[in-house]
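These are the residues of each chain, in order.
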Amino acid sequence: MVLAGERVLAVPGPLGALLPGGAVQRGTVVAVDGDPGAGATSVALQLAAAATAAGEWAAAIELDASLGGLAAGEAGVELDRFAVVRRVPPARWAAVVAALLDGVSVVLAEVPAYARVGDARRLLARARERGAVLVAMGPWPAEAALRLRAGGSVWRGLDAGAGALAERDQRVHVDGRGAAARGIALVEAG
Amino acid sequence: MAERIACLWCPAWPVIALRARDPTLCDVPVAVVERGERGLVVIAASTEAVAEGVTPGLRRREAEARCPGLAVAEADPQVEARAFERAARAVETFTPRFVLEEPGRLTFPTRGPSRYFGGDTAMAVRCLDAVRDIGITDARVGVADGGFAAMLAARAAEPGAAYVVPPGESSGFLAPWPVAVLEDPEPGEAAELADLLVRLGLRTLGAFAALPDGAVLGRFGSAGARAHRLARGDDEATASPALPPPELIETAELDPPAVHVETAAFAAKALAEQLMARLGTLGLACTRVMIEAETERGERLTRCWRHEGALTPAALAARVRWQLEGWLTAEVGDDGSVDDLATSGLVLLRLVPDEVLPATGRQLGFWGGDPAAADRAGRVLARVQGMLGHPAVVTAVPQGGRTPGERVRWVPWGDPREPARLLDAVPAPGANVREAPPWPGAIPAPAPARVFEPPPPADLLDAAGEVVTVSGRGDPSAPPARLRCAALPGRGGEIAAWAGPWAHDARWWDRRARTRRAYWQVLVAAPDGERVACLVAVTAGHAALEAVYD
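Model, not experiment: these values are computed from the prediction. (Residues numbered from 1 in each chain as written. Chains lettered and ligands numbered in written order. Predicted model: local features only at pLDDT ≥ 70, side-chain atom pairs only at ≥ 80, totals over all residues. Heavy atoms only, no water.)

(A) Representation of the overall build of chain A in the model. In terms of regular secondary structure, chain A is built from 5 helices and 11 strands. Sorting the 190 residues of chain A into buried and exposed places 55% on the buried side. When contacts within chain A are restricted to residue pairs at least 6 apart in sequence, those whose partners lie at least 24 apart make up 64%. Within the structure as shown, chain A displays about 7,300 Å² of accessible surface, and the carbon and sulfur contribution to it stands at 53%. (Helix = DSSP H or I, 4+ residues; strand = E, 2+ residues; numbered from the N terminus. Buried < 20%, exposed > 50% of the residue type's maximum accessible area, 1.4 Å probe, protein only. Contact = heavy atoms within 4.5 Å. Areas by Shrake-Rupley, 256 points an atom, 1.4 Å probe, with all protein chains shown as cover.)

If you want it as structure tokens, here you go:
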């Protein structure tokens, strides 16, 4: 038996305020999307931080090897409970995601362009069975309980030849059951 | 004083189990191997093979070289456990209180049976007769104070005979044994301890037992203190295990009833994990567990399994599985009779922690968080490493450096998480490592969420369309106005704001390794109005997109 409170993963901070109930449902897929530089990675890292803050584990699956470890730490991820699987070959992608869903609470998975709907549905079922949150980064070809789209953020602190990047207003469009339509969350501060 | 314990031991049980399953192997020398750190290693060998010099611990290839014609089989604990279930049933006829230690070895307190049969020796003979009746000829019984001494007494017994250590003489009996026997109840940590003791000149249990308690605890920790108690003949079982609270009992109802081992084992695995998680949150470890099952016809089956040290979820799940194999798999006896204990499917499965101790050594507190979660995560990460190779799974360790790429070391999962470079350029006394001041010239926070390795080439241009260069003194040729890079949306665009350059002259003392590089933070206006913050590095006039603040 699981209590209702155990079926959700509370997301602290401004991102949580945008989500229905301030949390993501365990056993569901959260699709995070956005152009390069729009802030999708930062949003995904905050979901990983929510897991490690609860004493649980998170993992990320990358097709290349570009995730910023320092940025993960700044987003609040406990780095000793955050494993990254890098340069996953296309043929093994679905198997690796499925394996991680077995033992890790939040799995950030970069979705390759070649991902098949069938694979995606199987992973969705696996996440539901294991009570894990699959954060799909990129073009997720199947259903998702929540879709977050980053875009239109505003950077502050940088001028023409002066200052440095300091903070940004991150805009996240939230779409899904019981979700507020859109909002602004300040996710980075220098 | 420790409780009187009898130990029934069948040497080379894997071989006996294998021959029971495959009678063609009865006439040839047999060795059973197991995959360990050193590859396939012999764990048990038949007497013919032992006569040719095949001993446990030998590698497969060497064993085959020493004994031509050796039949080698991989260990299968399930088959061994299932075969041992018959011995367990034979012992059950005269004592219900026995504990399975591993396939091939069980222990029970002698107080009741010995009084009934008229002494330890008479009881031991009776026990040997019972197992001989079911066809196990090479069984031995040891009786002593405490389980550890009883195990060694069984080892000292002649084949098919008993060895009884009189009450109160266990410590004297233990003294001459080499310290290496400490490995047996609890491999791994104890093997290191035994190795260390030998190097310190303490070759026998007696020499180790003579050390003062406090010194042993201080030098070897709680595992060492436990081994020390064993060596002295103070068995762990006397350390009054706490009575487990009844709410720790985990029960699963099986609907439809499980007739196949797989179905029941699947339910048992979840049950084992739940039990361990509950015990873990209470700070308890379980050393002995009762596995109970009920069948459709209302039969109740019970077996008690014990594990030196403490059971892990995986070890418990394996034992439950072995036991289910024993119950659910019909054994065909020599006379053709089908000997199947569970005559119908299982409807109920129950795990009762029978002996719990405060968890001392096994807590994974080092990682923080929930130890059960760490256990689960560790297992799947190891599995992914098995699929993709050891370096494919990494964790980030912050370290010293100037650029976002330099400031993180990616350490393969399982390797020590240590930075390669100091976090502080000058370590401040008493400084918190997380808040350490960055190296001088470091790119300020926030850190970019995407760091490219290798960085894709880019063009950093000024208003006139010329490439922006940085002089040796760190002065730019002109303010940057445009960034072109294939990796950016819309292949780049106008620069709305910028900072830099941060000039880095790395390894200036080494003429060949010296690199001079300048870093720019730029805010690029993408075609759709999005502002993309980038980190651009210029090396020898060539720009590259180092990172994106995604």
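(B) Local environment of the overall build of chain B. A count of helical and extended segments in chain B gives 14 helices and 23 strands. Of all intrachain contacts in chain B linking residues separated by at least 6 positions in sequence, the fraction that spans at least 24 positions is 55%. A total of about 26,200 Å² of accessible surface is found on chain B, and carbon and sulfur atoms cover 53% of it.

(C) Seen up close, the interface of chain B and chain A. If you look at the interface, chain B gives 53 residues, while chain A gives 58 residues. Between chain B and chain A lies a buried interface of about 4,700 Å² when both sides are counted; carbon and sulfur atoms form 61% of it. Across the contact surface, chain B and chain A share 3 salt bridges. With a closest N to O distance of 3.3 Å, Glu62(A) and Arg450(B) form a salt bridge. (Buried area = accessible area lost by both parts, 1.4 Å probe. Salt bridge = Lys/Arg side-chain N within 4 Å of Asp/Glu carboxyl O.)

(D) Here's a closer look at the nonpolar core. Phe108(B), Leu316(B), Leu324(B) and Leu351(B) are the most contacted members of the largest nonpolar core, which totals 61 residues. At 10 residues, helix 12 (residues 261-281) of chain B tops the list of elements feeding residues into this core. Residue contacts for Leu316(B): discarding those within four places in its chain leaves Ala272(B), Leu275(B), Met276(B), Val289(B), Leu311(B) and Leu351(B). One finds Leu9(A), Leu70(A), Ala71(A) and Ala449(B) within the second-largest nonpolar core, a separate group that totals 43 residues. (Core = buried A, V, L, I, M, F, W, Y, C linked by side-chain atoms within 4.5 Å.)

(E) Structural detail: the packing of helix 1 (residues 13-21) of chain B against helix 4 (residues 77-92) of chain B. Residue and element names in this part refer to chain B. Following both chains from N to C, one finds helix 1 and helix 4 inclined at 80°, their axes separated by 9 Å at the closest point. In terms of axis orientation, helix 1 runs roughly perpendicular to helix 4. Note on element contacts: helix 4 touches helix 1 through Val-79, Glu-80, Ala-83 and Phe-84, opposite Trp-13, Pro-14, Ala-17 and Arg-21. Here the contact of helix 1 with helix 4 is composed, by residue class, of 6 nonpolar, no polar and 2 charged. (Axes fitted to C-alpha atoms, helices over the stretch in contact; angles between N-to-C directions. Parallel < 35°, antiparallel > 145°, perpendicular 65-115°, else oblique. Nonpolar A, V, L, I, M, F, W, Y, C, P; charged D, E, K, R; others polar.)

(F) The arrangement of the sheet that holds strand 2 (residues 30-36) of chain B in detail. Residue and element names in this part refer to chain B. Taken in spatial order, the 3 strands of this open sheet run 3-2-4, and their pairing is mixed. Looking at the sheet topology across the chains shown, the edges are occupied by strand 3 (39-45) and strand 4 (71-74). The average angle at which neighbouring strand axes cross in this sheet is 40°, direction not considered. In this structure, strand 2 lies alongside strand 4, joined through 4 bridges in parallel fashion. Bridge pairing links Val-33 to Glu-74 in strand 4. Relative to the sheet, helix 1 contacts strand 2, strand 3 and strand 4, its axis offset from that of strand 2 by approximately 115°. (Pairing = 2+ DSSP bridges.)

(G) Quick peek at helix 5 (residues 117-130) of chain A. All names here are of chain A. A rise of 1.5 Å per residue sets the reference length of helix 5, with its 14 residues, at 20 Å; its end C-alpha atoms lie 20 Å apart and thus fit the reference within 8%. When we look at burial in helix 5, the residues that qualify are Asp-119, Ala-120, Leu-123, Leu-124 and Ala-127. Around the axis of helix 5, the buried residues are gathered within 140° of arc, so they sit on the same side. Exposed residues on helix 5 whose side chains face more than 90 degrees from its buried face are Arg-122, Arg-128 and Glu-129. Buried-residue contacts for helix 5 involve strand 3 (29-33), helix 4 (93-103) and strand 7 (133-137). Downstream of helix 5 by one or two residues, Gly-131 has phi in the positive range, about 70°. (Expected span 1.5 Å × (residues − 1). Arc of directions from axis to C-beta.)

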